[in-house]
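Here is what each chain is made of, one letter per residue.
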Amino acid sequence: MNAILVDAPNAPLTYRDAPDPEPPPHGAVIEVRATGVCRSDWHAWVGHDPSVSFPHVPGHEFAGVVRSVGAEVQAFHGGERVTAPFCCGCGRCATCRSGHQNLCDVEYQPGFDGWGSFAQYVAVPWADVNLVSLPEAVSFEVAAALGCRFMTAYGGLVDKARLAPGEALAVYGCGGVGLSAVMVGVAVGARVVAVDVREEALALARTFGAATCVNARDEDPIGAVRDASDGGAHVAIDALGSADTCAQAVRSVRRRGRHLQLGLLLGDEAAPPVPMFEVIRRELTLLGSHGMQAWRYADMLRFIETRQVPVEALIRARRPLREAHPAMEGMGSFAAEGVTLLIP
């Protein structure tokens with residue numbers, strides 16, 4: 001198959017021939033029709049993720065067609081249009097049996113624990129647990145754009161933070177996951193305050209329904225969020241993943257509010273100082289969110305359809321697979337807007 005391989009941390013991403021994957025007995029091989037380029041892929045590329053071994057094929061946001069299945073798979077036979085969450089669960093451990101397959105005791109992440117979707121084909125384990133059948137109305141490109149950034153924002157806001165209509169939501173960082181959070185917040189009926197340092201990103205957030213946009217280069221974002229939300233957000237998200245934005249988001253929350261951490265904190269940012277005095281004094285709730293289970297996709301797709309969430313508008317660039325290297329470089333410099341897709 002044609003694939004993007006990287007031989008060592010920070011080495012060039014090269015387009016070359018690689019062995020086709022074989023499905024494990026419980027798994028499937030998917031012919032990739034579209035795959036997203038995510039900042040998590042960038043973290044893996046530069047060596048921030050210890051689970052990654054080299055040579056490596058990145059990529060974890062994908063959609064395509066089932067090419068082959070293992071002997072134990074019952075729900076899929078080949079030819080089905082599918083996607084899958086990046087956090088694949090085994091379906092057998094106690095955590096999976098409780099319904100939280102995204103937190104599986106032996107979780108497998110394509111593009112991290114094994115070769116990913118920057119290729120013609122990608123293997124998905126435990127296919128009956130993790131593959132999601134796509135309605136005909138959902139294109140491969142939209143399905144790829146849903147995971148991991150949109151589904152992480154949806155799962156975090158709807159399932160973890162339980163954002164309610166009329167509440168104030170502050171979103172720090174308007175990249176792919178931040179803009180997804182803006183969309184979800186607007187669709188829920190929240191008043192959204194978007195924070196970034198790039199006018200282009202804020203313009204997109206405004207297009208997607210953010211009521212207030214704050215450029216953190218020009219003004220204190222904490223004060224601006226508090227002013228725009230009558231004393232503080234009910235929910236604040238660090239969608240970027242930095243010590244500064246994490247602390248700013250926590251300090252933007254009103255009394256008894258919720259902070260939701262969606263942006264990955266890795267490398268030098270892995271153990272940020274959190275203003276715990278504020279957490280105690282104002283009785284804040286700190287929440288983390290790690291993707292979403294495959295069985296929750298049906299509700300998410302229904303949410304998108306019934307509330308007319310313009311997910312396709314998140315897709316700001318489409319590149320052929322062989323252009324993965326410049327696309328990944330854009331993740332490191334925060335140059336990319338919205339979601340960039342690679343098309344094998």
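Visitor: Explain the overall build of the chain here, please?
Guide: Of the regular secondary structure elements, the chain holds eleven helices and 15 strands. The C-alpha atoms of the chain give a radius of gyration of 19 Å, which matches the 20 Å a tight globule of 344 residues would have. Based on the C-alpha atoms only, the size of the chain along its principal axes is roughly 55 × 40 × 35 Å. Buried positions account for 57% of the 344 residues belonging to the chain. Of the contacts formed within the chain by residues at least 6 apart in sequence, a portion of 70% connects residues at least 24 apart. Summed over its atoms, the accessible surface of the chain is roughly 13,800 Å², and 50% of this surface lies on carbon and sulfur atoms.

Visitor: Hey, could you run me through the pattern of salt bridges in this one?
Guide: Opposite charge on two side chains lets them pair, provided their charged atoms get close. Within this structure, the stated rule accounts for 15 salt bridges. A salt bridge links Arg67 to Asp20, with the nearest nitrogen and oxygen atoms 3.7 Å apart. Of the two residues, Arg67 sits in strand 4 (residues 61-69) while Asp20 sits in the loop between strand 2 (14-17) and strand 3 (28-37), which places them 47 residues apart along the sequence. Two residues, Glu31 and Arg33, come together in a salt bridge whose shortest N-O distance is 3.5 Å. Salt bridges sharing common partners tie together Asp159, Arg296, Asp299 and Arg302.

Visitor: Got a minute to help me understand the nonpolar core in this structure?
Guide: Burial of nonpolar side chains together is a common tendency in soluble globular proteins. Core analysis: the largest hydrophobic core is formed by 62 residues, its most contacted members being Phe150, Leu157, Leu169, Ile237, Met300 and Val311. Take this core: its biggest share by element is twelve residues, from helix 4 (residues 140-160). Not counting residues up to four positions away in its chain, the partners in contact with Met300 are Leu146, Phe150, Met151, Tyr154 and Met292. Of all hydrophobic cores here, the second largest spans 24 residues; its members include Ala18, Trp42, Val57 and Ala327.

Visitor: Explain the environment of Glu141 here, please?
Guide: Among the structural elements, Glu141 can be located in helix 4. Assessed through its relative accessible area of 23%, Glu141 is described here as partly exposed. Along the primary structure Glu141 and Pro125 are separated by 16 residues, whereas in three dimensions their C-alpha atoms are 22 Å apart. Aside from chain neighbours lying at most four places away, what touches Glu141 is Ala34, Ile315, Arg318, Leu341 and Ile343.

Visitor: How should helix 5 (residues 176-188) be read in this particular structure?
Guide: Every α-helix winds through 3.6 residues per turn, so residues three or four apart in the chain are directed the same way. Between its first and last C-alpha, helix 5 extends 18 Å over 13 residues, near the 18 Å set by a 1.5 Å rise per residue. Listed as buried for helix 5 are Gly176, Val177, Gly178, Leu179, Ser180, Ala181, Val182, Met183, Val184, Gly185, Ala187 and Val188. Buried-residue contacts for helix 5 involve helix 4, strand 8 (168-172), strand 9 (191-196), helix 6 (199-207), strand 11 (233-238) and helix 10 (297-306).

Visitor: Looking at this model, I keep getting lost on unusual backbone geometry. Mind explaining?
Guide: Only a minority of non-glycine residues have a phi that is not negative, and only a minority of peptide bonds are not trans. Note the cis peptide between Phe54 and Pro55, where omega equals 0°. For Pro55, the position within the fold is in the loop between helix 1 (39-45) and strand 4. A cis amide bond links Gly147 with the next residue in sequence, Cys148, at an omega value of 10°. Examined against the element boundaries, Cys148 turns out to sit in helix 4. Look at Asn10: it is not a glycine, yet its phi comes out positive at around 70°. Here Asn10 is to be found in the loop between strand 1 (2-5) and strand 2. Judged by relative accessible area, Asn10 falls into the partly exposed class, the value being 49%.

Visitor: Help me out: how do you make sense of the packing of helix 4 against helix 10 in this one?
Guide: Helix packing geometry: the angle between the two helix axes and the distance between the axes. In the contact formed by helix 4 and helix 10, the axes pass within 11 Å of each other and the chain directions differ by 85°. Considering the angle they form, helix 4 stands roughly perpendicular to helix 10. The residues of helix 10 that touch helix 4, namely those facing Leu146, Gly147, Phe150, Met151 and Tyr154, are Tyr297, Asp299, Met300, Leu301, Phe303 and Ile304. When its residues are assigned to classes, the contact of helix 4 with helix 10 shows nine nonpolar, one polar and one charged.

Visitor: How should I be thinking about the packing of aromatic side chains in this particular structure?
Guide: By convention here, two paired aromatic rings are described through the distance between centres and the angle between planes. According to the stated counting rule, one finds one aromatic pair in the structure shown. Summarising the aromatic geometry, the rings of Tyr154 and Phe303 are spaced 5.2 Å apart at their centres and angled 65° between planes, so their arrangement reads as edge-to-face. Linking Tyr154 in helix 4 with Phe303 in helix 10, this pair joins segments that are 149 residues apart in sequence. Assessed through its relative accessible area of 4%, Tyr154 is described here as buried. The side chain of Arg67 reaches across the aromatic face of Tyr121, ending 4.1 Å from its centre.

Visitor: Help me understand helix 7 (residues 221-228), please; the structure alone is not making it clear to me.
Guide: Along helix 7, the residues that are buried comprise Pro221, Ile222, Ala224 and Val225. What you see down the axis of helix 7 is that its buried residues fit within an arc of 165°, all on one side. Turning to helix 7, the residues buried within the fold contact strand 8, strand 9, strand 10 (212-215), strand 11 and helix 8 (243-251). Between the side-chain oxygen of the N-cap and the backbone nitrogen of Ile222 there are 3.3 Å, and the N-cap of helix 7 in question is Asp220. Of the residues one or two after helix 7, Asp230 is the one with positive phi, at around 55°.

Thresholds applied
Residues numbered from 1 in each chain as written. Predicted model: local features only at pLDDT ≥ 70, side-chain atom pairs only at ≥ 80, totals over all residues. Heavy atoms only, no water. Helix = DSSP H or I, 4+ residues; strand = E, 2+ residues; numbered from the N terminus. Rg over C-alpha atoms; globule rule 2.2 N^0.38 Å. Buried < 20%, exposed > 50% of the residue type's maximum accessible area, 1.4 Å probe, protein only. Contact = heavy atoms within 4.5 Å. Areas by Shrake-Rupley, 256 points an atom, 1.4 Å probe, with all protein chains shown as cover. Salt bridge = Lys/Arg side-chain N within 4 Å of Asp/Glu carboxyl O. Core = buried A, V, L, I, M, F, W, Y, C linked by side-chain atoms within 4.5 Å. Expected span 1.5 Å × (residues − 1). Axes fitted to C-alpha atoms, helices over the stretch in contact; angles between N-to-C directions. Parallel < 35°, antiparallel > 145°, perpendicular 65-115°, else oblique. Nonpolar A, V, L, I, M, F, W, Y, C, P; charged D, E, K, R; others polar. Phe/Tyr/Trp six-rings, centres within 6.5 Å; stacked < 30°, edge-to-face > 60°. Lys NZ or Arg CZ within 6 Å of the ring centre and 35° of its normal. Arc of directions from axis to C-beta. Polar contact = N/O pair within 3.5 Å; in protein donor to acceptor, adjacent residues only side chain to side chain.

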